[in-house]
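If you want the building blocks of each chain, they are given just below.
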Amino acid sequence: MSGTSPTPGALELAAEVRSGERSARQAVEEALERVALHDPQLHAFVTVTEESALEAADGIDRAVAQGGDPGPLAGVPIALKDNLCTRGVRTTCGSRILEHWHPPYDATVVTSLRAAGAVTIGKTNMDEFAMGSSTENSAFGPTANPWDPARVPGGSSGGSAASVASGMVPLALGSDTGGSIRQPASLCGVVGMKPTYGAVSRYGLVAFASSLDQIGPFARTVRDAAALYNVICGHDPCDSTSLPDAAAVDLAALDDGVEGRRIGVLTELVDEMAPDVAAQVRRAADVLDRAGASVVEISVPEVRYGLSAYYLIAPAEASSNLARYDGVRYGLRVDAPDVARMNAATRAAGFGPEVKRRIMLGTYALSAGYYDAYYGQAQRVRTVLIEAMGRAYGEVDALLGATSPTTAFTMGAKTDDPLSMYRSDVCTIPSNLTGAPAISVPVGSGEDGLPIGVQVLVPAYGEPLVFQVARVLEDAVLSTS
Amino acid sequence: MTPVAPAGDAVPQGDDVEWESVIGLEVHAELQTVTKLFCGCRNSFGDEPNTNVCPVCLGLPGSLPVLNRQAVELAMRIGTALHCEIRPSSFHRKNYFYPDMPKDYQISQYDEPINVGGWLETAAGDRVGIVRAHMEEDTGKTSHVGAGKRISDADHSLVDYNRAGVPLVEIVSEPDIRSPLEARAYVDELRAILVATGASDGRMEEGSVRVDANISVRPKGVEELSTRCEIKNLNSLRSLVRALEHERERQVALVSAGGKVVQETLHWDEAAGRTVSMRSKEEAYDYRYFPEPDLVPVDPGAEWQREVVAGLGLLPAERRARLLAAVGDERDDAAVDQVRTVVVQGLDDLVTAAVERGAPVGLALARVANEVAARSDGGVSVDPDAFAELLTMEAGGELSATQAKTVLAELLAKGGDPRTIAAERGFEAMSSDSLADVVGQVISENPGEWGRYLEGEDKLAGFFIGKVMGATKGRADGKQVAAELRARRG
């Protein structure tokens, strides 16, 4: 990653902007310069909103000049995954069908970011409708991994991960349905976190699988990730599944350590991983042990069923969520002699192969006569998994495992083998099915020199602990590197 | 939703078989909430197309539904009035493509409806079981423009999403109804309940209340159910009765000739007076119902239910009983009919108010049932004091019936004081002497007609009444003129 001059951390930058030491305009201009420099090679961005970003920065500088408080993320440039609705700024979801769609409203998280002083500088590339693990399923071309442009950044939030990893921005938002924040965070060597289901409003997040989708932060440090989480979490009356009691974490308690905590190394998320990945998880366990945690090995065999359940539930919900792209009201329309043929022609032209595959899978899973064997069974497995994880958390406070079975793979390596691509999500899916938070934090690199992240899993509402454990791991890495 | 058993083999044949209809109805009622079921858009009929819309009811990407508390309360009121059990409930998605459905799925209640297992008693005393009364969202409205009016031969279609997301309650009856007229009585009573509970305005002509009918026929005495058909597009009570009569005859003729009824969905063509097949059972949609992940279950707890029951006013049966008791000795068939009409339209409080202010009950009932109820164009509101005053003037002979109706029309249209309106129009009671003078005048001007009237040509009374009305510019009371004519004939 030579040649990049990364921005300071988000909180550091915000402090400088708030004190008047640095202007928001300067912070944003520098970010835009880095985008101009690196993005032609990386293609992390689908849309860069230079003009509105500079306007917003000037607004913050005026507020500072007038003695106002522009918020905890004052002047911090941020990138948004392109499935987060931004008023008047096109929101494509990486799809031809929404290539020219300009939402008339902002997602709740976008409103929260603006209120906190963050400045959106663009929308990031993603697998179409968040379906994928490599960002190769974008209708607008793939994103490259900043560590090796021949490799994928992971996905589906590959653009957001690459934008932070390359230093273009200190913060980005992604969405995580089966690992779409944590897996690219691991492959790009940044921190990525999926909150408790309902902790962050989904209003304005274009739905993939509604019961699994959560918005979460990307950052270079755990502290910045926690600060971004604090800005976007909280109850939203516009989202019925929003938790009434989702609370921000206490940043002052981030360094409280893990002394006396019980940490379980989750066998299923270690043993079947690539050797260099497994070794990094063991090393992380040692770090926590030395930091005073009591580390044990724990097995939750039900975790193995997560992948199959996920690949029925997520496509089933997606088949319904994506029905609305019918050419009638917005997005692409391919004309045909009657409505049914117009619907079919529009969807045939507008959706890519992976989206079509999942719509068909999901439609089948919900069909009369098959519902119980597929969707119904998957929901029962989900319940079994939730119970099994609940039992594990009776014994330990947090679990440790791999985030991704391997380091970043080469572009094209898995595009012809969907099942192999689906297996990239095996470590991350359990937390989506249980609705619990999990974080991926970079701890080292593999035999190929590419980054490896480990994953910390906690029960629902465990955000304070998940950040604390991640901080200990992050510190250990910083002290050895 | 009506349970169906296959037709038995032992279907009696021949002309002497007495046939019985088995009818179950699915009634969709739009709730009169302030806002839509899942968003803050106004729930209002007749506004400019696509003005009451937002990201949620347009199904824009990223939008999410939030359940309307008032809609749940109105659904609970309906359930209570229909003697249902009110239960914890949840929503499902019903998936199918249609341009007037913004998300291409409808959020509806499926296996956990809010109201289950009740009954309704028609004004005639027949009891009809209620399977369920569940909540769901309405669709938009499509109009097809071009050669024909059906989607198949239109040049293009226009969609108005103002109605998309309007709350509905679907009330599903047991197949307990045995004739088209009983079906009508069921819908009448249900509309009265919807109006009395404040849940809906009950108007079929505006589509606030829409009826689908399931009908099968069987020889009287046979217990098991035969194959049924579902009839859609029943936009009025007249359509409901005509369609059911037509379909009953079609099925009887078919089965009598040795044929078999095929389960299908039929479209009622009101102009042609017949049913047309829309789709057979084999072509039925697979709606791929699954639990709506964007909503959480609704638990109408005991306390909430108590509040709703406490806020429920008198139900139609009680309202009819109350009004009939007030009518007392004047109760005849006409009065019973008028009481039903008045209660169905939710106008019984107006009658009661007028009577309390000294108006004669018979006159108040007749005027409300005939004049006020006829103005069903919505928002009928008339000040009870003014209405009572007008009735008192008419009863006291200060205004003729014709004059009183004219004043009432103006009261309904614009409001005001009946005495002022009467004075502005120059209405004043004619003394019987001056009326007699005018009658004498008219007779002398038309000796030929008078001669024929004297010889027994009674219908010429109308001729003379018309002439007197003309001469008095409508101030005369038709009944008094008729009495004067009869008196002169001796």
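The shown structure was predicted, so the numbers you read here are calculated from the model rather than taken from an experiment.

Caption draft 1: Up close: the overall build of chain A. When helices and strands are counted, chain A shows 15 helices and 11 strands. The C-alpha atoms of chain A give 21 Å as radius of gyration, which agrees with the globular expectation for 481 residues (23 Å, within 12%). Each principal axis of the C-alpha distribution contributes one length, and for chain A these read about 65 × 55 × 45 Å. With 481 residues in all, chain A has 62% of them scored as buried.

Caption draft 2: Broad picture of the overall build of chain B. Assigned secondary structure in chain B consists of 15 helices and 14 strands. Considering chain B as a whole, with its 490 residues, one finds that 42% of them fall into the buried category. The long-range fraction of contacts in chain B, counting pairs at least 24 apart against all pairs at least 6 apart in sequence, stands at 71%.

Caption draft 3: A look at the interface of chain A and chain B. Counting from both sides, the interface comprises 33 residues of chain A and, opposite them, 26 residues of chain B. Secondary structure elements with two or more residues in the side of chain A that touches chain B: α9 (306-321) and α10 (339-350) of chain A. The dominant element in the side of chain A that touches chain B, judged by the number of residues it contributes, is α9 of chain A, at three residues. Among the residues forming the side of chain A that touches chain B, the class breakdown is 18 nonpolar, nine polar and six charged.

Caption draft 4: Representation of the pairing of strand β10 (residues 209-219) of chain B in the model. Residue and element names in this part refer to chain B. When you tally the buried positions in β10, you get nine out of 11 residues, the bulk of the element. Bridge count between β10 and strand β11 (residues 229-234): four bridges; the pairing is antiparallel. The residue of β11 that forms the bridge with Val211 is Leu234.

Caption draft 5: Focus on the sheet that holds strand β3 (residues 119-124) of chain A. All names here are of chain A. Taken together, the 11 strands give an open sheet; going across it, the order is β1-β3-β2-β4-β6-β5-β10-β11-β9-β7-β8, and neighbouring strands pair in mixed fashion. Both outer strands of the open sheet, β1 (45-48) and β8 (294-298), are each paired with one neighbouring strand and no more. Strand after strand, the sheet turns through a mean of 30° between neighbouring axes, direction not considered. Relative to strand β4 (residues 171-176), strand β2 (residues 77-81) runs parallel, the two sharing three bridges. Counted as the bridge partner of Leu80 is Leu173 from β4.

Caption draft 6: Quick look at the environment of Val27 of chain B. All names here are of chain B. Within the fold, Val27 resides in strand β1 (residues 19-30). On the basis of neighbour counts, which here come to 24 C-beta atoms within 10 Å, the residue Val27 falls in the buried class. Residues Val27 and Ala272, 245 residues apart in the sequence, show an inter-C-alpha distance of 24 Å.

Caption draft 7: Structural detail: the packing of helix α9 (residues 384-395) of chain B against helix α10 (residues 401-414) of chain B. All names here are of chain B. The contact between α9 and α10 brings their axes to 10 Å, and the two run at 170°. Taken together, the axes of α9 and α10 lie roughly antiparallel to each other. Contact residues: Ala386, Phe387, Leu390 and Glu394 in α9; Ala401, Ala404, Val407, Leu408 and Leu411 in α10. Within the contact of α9 with α10, the residues separate by chemical class into eight nonpolar, no polar and one charged.

Caption draft 8: Inspection of the packing of helix α1 (residues 69-81) of chain B against helix α4 (residues 302-310) of chain B at higher detail. Residues and elements named next belong to chain B. Interhelical geometry of α1 versus α4 gives an angle of 70° and a closest axis separation of 10 Å. Relative to α4, the element α1 is oriented roughly perpendicular. Contacts between α1 and α4 involve Glu73, Met76, Arg77 and Thr80 from the first element and Gln305, Val308 and Val309 from the second. Grouping the constituent residues of the contact of α1 with α4 by class yields three nonpolar, two polar and two charged.

Caption draft 9: Up close: α10 of chain B. Residue and element names in this part refer to chain B. The end-to-end C-alpha separation of α10 is 20 Å, in line with the 20 Å expected for 14 residues at 1.5 Å each. Within α10, the full set of buried residues consists of Gln403, Ala404, Val407, Leu408 and Leu411. Across the axial projection of α10, the buried residues extend over an arc of 135°, all falling on one side. Downstream of α10 by one or two residues, Gly415 has phi in the positive range, about 80°.

Caption draft 10: Expanded view of helix α3 (residues 237-256) of chain B. Residue and element names in this part refer to chain B. Counted at 1.5 Å a residue, the expected span for α3 with its 20 residues is 28 Å, and the 28 Å between its end C-alpha atoms agrees. For α3, the set of buried residues is Leu240, Ala243, Leu244, His246, Glu247, Arg248, Gln251 and Val255. Check the buried side of α3 and you find it contacts β1, α2 (180-196), β10, β11, β12 (264-269) and β13 (274-280). Downstream of α3 by a residue or two, Gly258 has a phi angle that is positive, lying close to 90°.

Caption draft 11: Representation of the pairing of strand β7 (residues 262-266) of chain A in the model. All names here are of chain A. Among the five residues in β7, four count as buried, and that is most of the element. In this sheet, β8 lies alongside β7 in parallel orientation, the contact comprising five bridges. Across the sheet, the residue bridging to Leu266 is Ile298, located in β8. Bridging between β7 and strand β9 (residues 398-402) involves three bridges; their strand directions are parallel. Within β9, the residue paired with Ile263 across the bridge is Ala398.

Caption draft 12: Highlighting the confidence of the model for chain A. On average, residues of chain A score 96 in pLDDT, and 98% of them are at 70 or above. Contacts from residues 1-5 of chain A, a stretch scored under 50 in pLDDT, to residues over four places away or in other chains number six contacts.

Caption draft 13: Broad picture of the confidence of the model for chain B. All names here are of chain B. Of all residues in chain B, 94% have pLDDT values of 70 or greater, and the mean over the chain is 89. A low-confidence stretch, residues 1-10 (pLDDT under 50), is modelled with 17 contacts involving residues beyond four sequence positions or located in other chains. Interface predicted TM-score (ipTM) for the complex: 0.96; the corresponding pTM is 0.88.

Caption draft 14: Structural view of unusual backbone geometry. Residue and element names in this part refer to chain A. Here the residue pair Gly155 and Ser156 is connected by a cis peptide bond, since its omega of 10° sits within 30 degrees of zero. Structurally, Ser156 can be placed in the loop between β3 and α5 (158-165). A positive phi is found at Tyr461, a non-glycine position, where the angle reads about 70°. You can see Tyr461 is positioned in the loop between β11 (451-457) and α15 (463-480). The partly exposed category is assigned to Tyr461, around which 17 C-beta atoms lie within 10 Å.

Caption draft 15: Representation of the nonpolar core in the model. With 158 residues, the main nonpolar core has Ile78, Val191, Ala398, Leu400 and Val456 of chain A as its most contacted residues. If near-sequence neighbours (up to four positions away) are discounted, Leu400 of chain A is found in contact with Ile263, Gly264, Val265, Leu266, Val281, Ala284, Ala285, Val454 and Val456 of chain A. Within the second largest apolar cluster, 97 residues are counted, among which are Ile107, Leu240, Val339 and Val351 of chain B.

Caption draft 16: Structural detail: the environment of Asp337 of chain B. Along the chain, Asp337 of chain B turns up in helix α6 (residues 333-344). Each C-alpha atom, one on Asp337 of chain B and one on Ala369 of chain B, is 8.8 Å from the other, the two residues being 32 residues apart in sequence.

Caption draft 17: Here's a closer look at the environment of Lys220 of chain B. Residues and elements named next belong to chain B. With respect to the secondary-structure elements, Lys220 resides in the loop between β10 and β11. Taking the number of C-beta atoms within 10 Å as the measure of exposure, Lys220 has 10 and is therefore exposed. In the structure, Lys220 is positioned 103 residues away from Gly117 in sequence and 26 Å away in space, judged by C-alpha atoms. Once you skip the residues sitting within four places of it in the chain, Lys220 turns out to touch Glu18, Trp19 and Glu20.

Each value, and the rule that gives it
- Residues numbered from 1 in each chain as written.
- Chains lettered and ligands numbered in written order.
- Predicted model: local features only at pLDDT ≥ 70, side-chain atom pairs only at ≥ 80, totals over all residues.
- Helix = DSSP H or I, 4+ residues; strand = E, 2+ residues; numbered from the N terminus.
- Rg over C-alpha atoms; globule rule 2.2 N^0.38 Å.
- Buried ≥ 20, exposed ≤ 12 C-beta atoms within 10 Å, placed from the backbone.
- Contact = placed C-beta atoms within 7 Å.
- Nonpolar A, V, L, I, M, F, W, Y, C, P; charged D, E, K, R; others polar.
- Pairing = 2+ DSSP bridges.
- Axes fitted to C-alpha atoms, helices over the stretch in contact; angles between N-to-C directions.
- Parallel < 35°, antiparallel > 145°, perpendicular 65-115°, else oblique.
- Expected span 1.5 Å × (residues − 1).
- Arc of directions from axis to C-beta.
- pLDDT = per-residue confidence, 0-100.
- Core = buried A, V, L, I, M, F, W, Y, C linked by C-beta atoms within 7 Å.

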